[in-house]
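Reading the structure
So you can see what is in the structure, the chains are spelled out below.
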Amino acid sequence: MIKKRIYSPGPVDVSPYTSLEMAKPIIHHRTKEFEAVVAQCVEGLKYVFQTEGDVLIFASSGTGAMEGAVCNILNPGDKAICVRGGKFGERWSQLVSKFGGEPINIDVQWGQAVDPAVIADKLKADPGIRAVYMQASETSTGVEGPVREVAEIVGQCDGALLVVDGITAVGVMDMPVDKWGLDIVVGGSQKAWRLPPGLAFASVSEKAWGFVEKCTQPRYYFDWTKERKSLGKNTTAYTPAVSLMIGLNQVLGEIKEEGLEALFARSASYAEAFRSGMKALGLRLFAPDSPSDSITAVLGPEGMDAGLIVKHLASKYGITIAGGQDDAKGKIFRVSHMGYLDALDMITAVAAVEMTLKELGQTVELGAGVRAAEEVLTGK
Ligand SMILES: Cc1ncc(COP(=O)(O)O)c(C=O)c1O
């Protein structure tokens, strides 16, 4: 018997309490009962996004909210800076092109964060730039982006919006939408929300709504004006993902009970424990300078295909993690710190990597990684 464990950067593990909520008999969405669910979801989402503004909900994967964050604000020919330091930064650039915009790509070496000064220079050089698209956490590389610094820069430009992919950041790290002046932040349910895939979120500032009003781009399902109007009446424009939203309410209740500060501190401690464990095993981090707290990307041992670690964890221990993509394929493995997991789950992840390395013929001191992780989690 192998007990299955999932440490992938989405989907993540879902708690049995959430699953039980979602397993309840389906209710119709055009009812008072479901209106209460919508109202509660919106209130809870505003708490986690830390905004008084709108947070829209879509029955789609996270990319749906990303698409909406392009087709609702950019007109054909509009220029937009896209920070490309990984797979998801590339997605922003592709979306801008698809909708007839002109991406101004800032290519960043994978594993490193963008330098905000480069964004400031580009904005200064071209006042026609309408938006800056970036990742708060680039899941393909495990890098945390300098959202706060970039927000300060973009906030000084009346003609440009800051759009943040917070899909693996919201609910993990402190990113207060209103306080930092983030115009659009997108999220996805299969990450820190501890839910199955299928819901996408987007917070939208008043400044961003001004852009939406002037946007002539064709759009239908992802027409944000329509969705805002419906949410104002505690309903959704189209059939919502009813069961997922019921599950979302359950998770939001747990998050409120824990409190954001405690949640962020807990996520940070798991990430720090895992990173410490990996370093104690002699492994190097792919993003040592600005690691994300939602996911850690680790370089495999010198001369070894890191994909073997991913395969061994799955076949011997029933553990799902992620490998590297594109140029990072075979070089890194990625372990998530999101979802229904606790400190001991992080220890399990470190122990599993430790045992895997040993079984794959590497020289490791068994227990060294676990000890280092435990030292972090117990405050030494
Ligand atoms: C940072 C980031 N952006 C965008 C996406 C795309 O989200 P989805 O696969 O839900 O469409 C992901 C998913 O892994 C992600 O981690």
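Anything mentioned here points back to the structure above.
Description of the structure in this document. No experiment lies behind these values; they were computed from the predicted model shown. (Residues numbered from 1 in each chain as written. Predicted model: local features only at pLDDT ≥ 70, side-chain atom pairs only at ≥ 80, totals over all residues. Heavy atoms only, no water.)

**A word on the sheet that holds strand β11 (residues 295–299)**
Strand order in the open sheet formed by three strands is β11-β14-β13, and the pairing between neighbours is antiparallel. The open sheet has two free edges, formed respectively by β11 and β13 (322–323), since each of these has just one partner strand. Across five bridges, β11 lies against strand β14 (residues 332–336) in antiparallel orientation. Note on β14: the bridge partner recorded for Ala-297 is Arg-334. Against the sheet, helix α11 (residues 260–280) makes contact with β11 and β14, and its axis sits at roughly 10° relative to β11, the strand it touches most. (Pairing = 2+ DSSP bridges. Helix = DSSP H or I, 4+ residues; strand = E, 2+ residues; numbered from the N terminus. Contact = heavy atoms within 4.5 Å. Axes fitted to C-alpha atoms, helices over the stretch in contact; angles between N-to-C directions.)

**Side note on helix α9 (residues 224–232)**
Given 3.6 residues per turn, any residue in an α-helix points the same way as the ones three and four places further on. Within the sequence span of α9, burial applies to Trp-224, Glu-227, Ser-230 and Leu-231. Relative to the axis of α9, the buried residues are bounded by an arc of 120° and lie together on one face. Of the residues in α9, the exposed ones pointing more than 90 degrees away from the buried face are Lys-229 and Gly-232. In this structure Asp-223 caps α9, since a side-chain oxygen of it lies 3.1 Å from the backbone nitrogen of Thr-225. Where α9 terminates, the next one or two residues include Asn-234, which has phi positive at roughly 55°. (Buried < 20%, exposed > 50% of the residue type's maximum accessible area, 1.4 Å probe, protein only. Arc of directions from axis to C-beta. Polar contact = N/O pair within 3.5 Å; in protein donor to acceptor, adjacent residues only side chain to side chain.)

**Side note on the packing of helix α5 (residues 116–125) against helix α6 (residues 147–154)**
Axis separation between α5 and α6 bottoms out at 9 Å; the angle between their running directions is 20°. With respect to α6, the axis of α5 lies roughly parallel. The chirality of how α5 crosses α6 is right-handed. Counted together, Pro-116, Ile-119, Ala-120 and Leu-123 of α5 and Glu-149, Val-150, Ile-153 and Val-154 of α6 form the full contact between these two elements. Partitioning the contact of α5 with α6 into residue classes produces seven nonpolar, no polar and one charged. (Parallel < 35°, antiparallel > 145°, perpendicular 65-115°, else oblique. Left-handed = near helix turned anticlockwise from the far one by under 90°. Nonpolar A, V, L, I, M, F, W, Y, C, P; charged D, E, K, R; others polar.)

**Let's talk about the site of the ligand**
In the neighbourhood of the ligand, 13 residues make up the surrounding shell, with Ser-61, Thr-63, Thr-139, Asp-165 and Lys-191 lying closest. Taking Ser-61, its side chain carries an N or O atom lying 2.5 Å from an oxygen atom of the ligand. Measuring from an oxygen atom of the ligand, one finds a side-chain N or O atom of Thr-63 at 2.5 Å. When isolated, the ligand has an accessible area of 390 Å², and the protein chains bury 87% of it. Elements with a contribution of two residues or more to the shell around the ligand: α3 (62–71) and α4 (87–98). (Near = heavy atom within 4 Å. Areas by Shrake-Rupley, 256 points an atom, 1.4 Å probe, with all protein chains shown as cover.)

**So, the pattern of salt bridges**
Considering all chains together, one arrives at 16 salt bridges under this definition. Across the pair Arg-228 and Asp-54 runs a salt bridge, and its minimum N-O distance is 2.9 Å. Here the residue Arg-228 occupies a position in helix α9, and Asp-54 occupies one in strand β2 (residues 54–58), the gap between them amounting to 174 residues. Under the relative-accessibility criterion, Arg-228 is labelled partly exposed at 28%. Here Asp-107 and Arg-84 are joined by a salt bridge, their closest N and O atoms 2.7 Å apart. Residue Asp-107 is found in strand β4 (residues 102–107), and its partner Arg-84 is found in strand β3 (residues 79–84); the two are separated by 23 residues along the sequence. For Asp-107, a relative accessible area of 55% puts it in the exposed group. Within the structure, one salt-bridge network assembled from shared partners comprises Asp-54, Glu-206 and Arg-228. (Salt bridge = Lys/Arg side-chain N within 4 Å of Asp/Glu carboxyl O.)

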